[in-house]
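Breakdown of the fold
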Amino acid sequence: MMLFDSHAHYEDERFDCDRDALLSSMPAQNVGWIVNVGCDPSGAQTAVRLAERYPFVYAAIGVHPQSAGDVTDEQIIALETLYSHPKVVAVGEIGLDYYYEYTTRERQKDVFIRQLETAARLNLPVCIHNREAHADTLDVLRAFRGVRGVLHSYSGSLEMAKELLKLGYVFSFSGIITFKNAKRCVPIIAYLPSDAILIETDCPYLAPEPMRGRRCDSSFLRYTCARLAEIRGISFEQAAELTTQNAKRLYGIF
Ligand SMILES: [Zn+2]
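Everything in this summary refers to the structure shown in the same document.

Calculation rules
- Residues numbered from 1 in each chain as written.
- Predicted model: local features only at pLDDT ≥ 70, side-chain atom pairs only at ≥ 80, totals over all residues.
- Heavy atoms only, no water.
- Patch = residues over 30% accessible without salt bridge, like charges linked within 9 Å, V, L, I, M, F, W, Y side chains within 5 Å.
- Areas by Shrake-Rupley, 256 points an atom, 1.4 Å probe, with all protein chains shown as cover.
- Salt bridge = Lys/Arg side-chain N within 4 Å of Asp/Glu carboxyl O.
- Helix = DSSP H or I, 4+ residues; strand = E, 2+ residues; numbered from the N terminus.
- Buried < 20%, exposed > 50% of the residue type's maximum accessible area, 1.4 Å probe, protein only.
- Disulfide = S-S within 2.5 Å.
- Expected span 1.5 Å × (residues − 1).
- Contact = heavy atoms within 4.5 Å.
- Arc of directions from axis to C-beta.
- Pairing = 2+ DSSP bridges.
- Right-handed = clockwise from strand over helix to strand, strands pointing away.
- Polar contact = N/O pair within 3.5 Å; in protein donor to acceptor, adjacent residues only side chain to side chain.
- Axes fitted to C-alpha atoms, helices over the stretch in contact; angles between N-to-C directions.
- Left-handed = near helix turned anticlockwise from the far one by under 90°.
- Nonpolar A, V, L, I, M, F, W, Y, C, P; charged D, E, K, R; others polar.

What follows is about a nonpolar patch on the surface. On the surface, Y99, Y100 and Y102 cluster together to form a nonpolar patch covering roughly 330 Å² of accessible area. Among the secondary structure elements, Y100 is positioned in the loop between β4 (88-97) and α4 (105-122). When its relative accessible area of 47% is taken as the criterion, Y100 is described as partly exposed.

Our focus in this paragraph is the state of the cysteines. Enumeration over the complete set of coordinates arrives at zero disulfides. Unpaired in this structure, C203 has its nearest cysteine sulfur neighbour in C216, at a distance of 5.4 Å. For the unlinked cysteine C225, the closest cysteine sulfur is that of C216, found at 14 Å.

Let us look at α4. For α4, built from 18 residues, the straight-helix expectation of 26 Å at 1.5 Å per residue is met to within 8% by its first-to-last C-alpha distance of 26 Å. Every buried residue belonging to α4 is among R107, Q108, V111, F112, Q115, L116, T118 and A119, and all of these are buried. Buried positions along α4 lie against α3 (73-79), β4, β5 (126-131) and α5 (134-142). Following α4 by one or two positions, N123 has its phi on the positive side, about 55°.

This part is about helix α8 (residues 221-232). The terminal C-alpha atoms of α8, which comprises 12 residues, lie 17 Å apart, in line with the 16 Å expected from a rise of 1.5 Å per residue. Residues of α8 that are buried: L221, T224, C225, L228, A229 and I231. The arc that holds the buried residues of α8, viewed along the axis, is 165°, so those residues lie on one side. Against the buried residues of α8 lie β1 (3-8), β7 (170-173), α7 (185-191), β8 (197-199) and α9 (236-251). Just beyond α8, the residue with positive phi is G233, at close to 70°.

Here we come to the pairing of strand β2 (residues 31-38). In terms of residue burial, β2 counts as a mostly covered element, since eight of its eight residues are buried. Relative to β2, β1 runs parallel, the two being bridged by four bridges. Bridge pairing in β2 places A8 opposite N36. Handedness of the β1-helix α1 (residues 19-25)-β2 crossover: right-handed. Relative to strand β3 (residues 57-61), β2 runs parallel, the two sharing five bridges. Bridged to N36 within β3 is A59. With helix α2 (residues 41-53) bridging β2 and its parallel neighbour β3, the resulting β-α-β unit is right-handed.

Relative to the helices and strands, M2 is located in the segment before β1. Ignoring anything within four residues of it in the chain, the contact list for M2 reads P27, N30, V31, G32, W33, A240 and T244.

So, on to the side chain of S153. With respect to the helices and strands, S153 occurs in the loop between β6 (149-151) and α6 (158-166). For S153, a relative accessible area of 12% corresponds to the buried category. Of the polar contacts made by the side chain of S153, one reaches the side chain of S174; its length is 2.9 Å. Here S153 is in contact with S172, S174, I176, E200 and L206, once residues within four sequence places are set aside.

Packing of α4 against α5 leaves a shortest axis separation of 11 Å and a crossing angle of 30°. Crossing geometry of α4 relative to α5 is assigned as right-handed. Contacts between α4 and α5 involve K109, F112, I113 and L116 from the first element and D136, V140 and L141 from the second. Considering only residue class, the contact of α4 with α5 consists of five nonpolar, no polar and two charged.

Our focus in this paragraph is the sheet that holds β7. A sheet is described by the order of its strands in space; here eight strands give the open sequence β1-β2-β3-β4-β5-β6-β7-β8, paired in parallel fashion. What marks the edges here is a single partner per strand, and that holds for β1 and β8. Going from strand to strand, the sheet's axes swing by 25° on average, the running direction of each strand aside. Judged from the three bridges that link them, β5 and β6 form a sheet pairing that is parallel. Paired with C127 across the two strands is V150, which belongs to β6. Docked against the sheet, α4 engages β4 and β5, running at close to 155° with respect to β4.

Here it is as structure tokens:
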């Protein structure tokens, strides 16, 4: 049963030593699809290059709220030429981060909204990053009815999840769900309809237990899948099947 890693960052320098060996090994480790997410203009170029090199790697490209203060409006517009690439499947990750606040909330919102406009115009799904910006994220997304997407490494409340479900969003869960103190996600994962759940590594970050603290890669996704299966009361195979089908449907990969 092949897993779908719906969110990874193989452009990260922590993969410089073994990127190609690692990616080449993924199909043999039961990872059949990876969406690699480029978060700024140079990350976007790398994401596209990796997607061109590996048939099972796809790209999402966008400007992360972390980079919103560093990019010019011209650079955001220039990214749009990449969206017609056949392996670019989403706009992301985009959103709001009020935990780090690398730049002003106003600039973050402006960059977020511009990219939602692009997604709406090109009919592409979005990958949303939201950290401690729950109310504003929901407000912005409500203004873009018709845009579909995924809340990556979802950290909001059950109430917010219900609102996002009404807008047609789906939810991706990372290695965080395997942590002992991650109790908040349990009722959310149990509540969500089976067609609204994806899994991801967000590698090199967020390695699941029992690998916590190590550099994460897509082969660790099986631990997150196993925990999801446990919470849902289904088999590993069923969890793998439903999360793979949901990711394929979201990204239009068949
Ligand atoms: Zn990410």
